[in-house]
Amino acid sequence: MEKERHIRIFDTTLRDGEQSPGVALSLDQKLEIAQALARLNVDIIEAGFPVSGPLEFEAVRRIATEVKGPIIAALARTHTLDIDQAAKALEGAEKPRIHVFTSASKVHLQYMLKRTEEEVLEMADRMVRYAKRYVDDVEFSAQDVMRADWDFVKRLYEVAVEAGATTINIPDTTGYGTPEEYGALIRRIRDEVVRGRDVVISTHTHDDLGLATANALAGVLNGAGQVECTINGIGERAGNTALEEVVMALYVRRDFYRAYTQVNTREIYRVSRLVERYTGMPVPPNKAIVGDNAFAHESGIHQDGVLKHRSTYEIMDAELIGRRPAVLVLGKHSGRAAFKKALEDLGYRDLPEEELKKLFARFKEIAEKKGPLSAEELQALVESEREPPPISSSWSTSSSSPAPASCPPPR
Ligand code: KIV
Ligand code: ZN
């Protein structure tokens with residue numbers, strides 16, 4: 001049987017993720033996120049783009065010096081100044097990586113770089129060799145590969161490998177590719193550029209068409225050994241591949257991908273919340289893995305199934321990513337089974353069938369109007385609908401049900 005492959009997780013939350021419109025992290029916040037990423041056990045942290053400014057330089061320098069475990073990468077264009085700054089910022093790193101990038105598509109060469117193909121090839125060759133003078137670990141990327149001509153892409157990456165790049169990253173910068181196309185591109189890079197040499201192929205996919213994770217996984221299936229991604233999928237425009245999605249897809253479907261990561265999945269939720277808080281970019285409730293609803297069930301049929309056996313509607317445990325166990329939301333779609341279970345959890349066991357029926361009808365009425373009920377609201381509902389205890393018996397001692405958090409006044 002085919003051997004399982006280790007897929008390196010390259011986190012670029014602090015570089016590509018921080019390029020999200022409106023996001024500006026402070027130095028302390030970057031450091032805290034980098035420490036959290038190290039606890040998550042990602043393989044590589046892209047800490048920033050040092051030449052872009054003194055604050056960015058300082059953030060990369062501090063992360064390189066203080067964060068231990070992962071490789072620390074710094075971004076640089078194919079300019080000596082960029083590479084000098086990246087190398088300088090990485091001086092304190094145990095495992096430094098310089099990530100040199102240029103562009104591959106005609107539109108980028110013509111309007112952005114204003115260079116010919118021959119000039120881009122020459123600069124890539126020279127600058128990868130230049131970066132190698134500082135570090136062994138050099139990654140090379142060319143933006144917008146998905147919209148570039150294959151012949152040029154092949155020559156460009158061939159030049160980078162010959163110059164000493166140890167990782168070649170294949171960005172679909174504009175999120176244009178489909179999984180079939182992107183997978184085929186990675187396979188071609190593997191077969192026609194890498195050709196068995198000791199070079200890691202990396203995916204870097206954007207989410208403009210909502211295909212970033214699918215494209216990255218197609219890359220993995222076709223030979224990629226590294227995935228570039230961000231926490232919560234933040235990044236330019238529609239964002240990057242979400243780390244949590246790729247990691248959990250490889251975890252849950254290891255049988256299919258025959259590949260695994262070394263990420264400590266139990267840290268995922270915590271890092272997600274940290275990034276949400278510091279970037280001010282809220283995680284949508286229906287976001288896979290980390291959204292509020294990702295492990296919540298409201299419909300009666302689903303709740304009934306989950307109560308009978310979790311696996312009826314759940315493919316992974318919430319605890320696996322550091323969340324509390326899945327919750328049953330008690331709302332207008334809920335059924336009697338979940339309602340009864342919620343009451344039992346609150347201590348209302350063995351309620352007579354008639355009473356349960358009445359309470360359920362009342363609950364539905366309220367939920368239709370106001371939406372899901374919290375445990376406290378449910379408790380208040382039960383208490384307000386139940387027969388008051390005889391005046392002589394004391395509320396606090398003789399009631400068979402637990403005292404509600406805030407007891408309604410005796411009627
Ligand atoms: O999307 C992109 O092309 C990038 C490169 C700098 C790797 O972020
Ligand atoms: Zn990008």
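Quick caveat: nothing in here was measured; it's all calculated off a predicted structure.

Here we take up the packing of aromatic side chains. Note on aromatic pairs: each is described by the distance of the centres and the angle between the planes. The full count for this structure, using the stated rule, is seven aromatic pairs. Seen in terms of ring centroids, Y130 and Y134 are 5.9 Å apart; in terms of plane orientation they differ by 90°. Their pairing is edge-to-face. You can see Y130 and its partner Y134 sitting in helix 5 (residues 117-134), four residues apart, about one turn around the helix. By relative accessible area, Y130 is classed as buried at 14%. Centroid distance F256 to Y257: 4.9 Å. Interplanar angle 80°. Geometry classified as edge-to-face. The class for Y257 is buried, based on a relative accessible area of 16%. Among the aromatic residues, those joined into a cluster by ring pairs are F339, F360 and F363.

A word on helix 12 (residues 300-308). Of all the positions in helix 12, only G300, Q303, G305 and V306 are classed as buried. Where helix 12 is buried, its residues contact strand 11 (296-297), strand 12 (327-328) and helix 13 (336-345).

Turning to the domain arrangement of the chain, a few remarks are in order. Partitioning the chain into structural domains gives domain 1 (5-279) and domain 2 (296-385). The interface is formed by seven residues belonging to domain 1 together with seven residues belonging to domain 2. Taking both partners together, domain 1 and domain 2 bury about 700 Å²; carbon and sulfur atoms supply 66% of that area. Remark: the boundary between domain 1 and domain 2 carries zero salt bridges. Applying the counting rule to domain 1 against domain 2 returns four residue pairs in polar contact (both at pLDDT 80 or more).

Next up on the list: the packing of helix 13 against helix 14 (residues 353-370). For the pair helix 13 and helix 14, interaxial distance at closest approach is 11 Å and the crossing angle is 105°. As the angle between them shows, helix 13 and helix 14 are arranged roughly perpendicular. Residues R336, F339, K340 and L343 of helix 13 form the contact with helix 14, whose participating residues are E353, L356, K357, L359, F360 and F363. A per-class count over the contact of helix 13 with helix 14 returns six nonpolar, no polar and four charged.

About the thresholds
Residues numbered from 1 in each chain as written. Chains lettered and ligands numbered in written order. Predicted model: local features only at pLDDT ≥ 70, side-chain atom pairs only at ≥ 80, totals over all residues. Heavy atoms only, no water. Phe/Tyr/Trp six-rings, centres within 6.5 Å; stacked < 30°, edge-to-face > 60°. Helix = DSSP H or I, 4+ residues; strand = E, 2+ residues; numbered from the N terminus. Buried < 20%, exposed > 50% of the residue type's maximum accessible area, 1.4 Å probe, protein only. Contact = heavy atoms within 4.5 Å. Domains from an automatic or database assignment. Buried area = accessible area lost by both parts, 1.4 Å probe. Salt bridge = Lys/Arg side-chain N within 4 Å of Asp/Glu carboxyl O. Polar contact = N/O pair within 3.5 Å; in protein donor to acceptor, adjacent residues only side chain to side chain. Axes fitted to C-alpha atoms, helices over the stretch in contact; angles between N-to-C directions. Parallel < 35°, antiparallel > 145°, perpendicular 65-115°, else oblique. Nonpolar A, V, L, I, M, F, W, Y, C, P; charged D, E, K, R; others polar.

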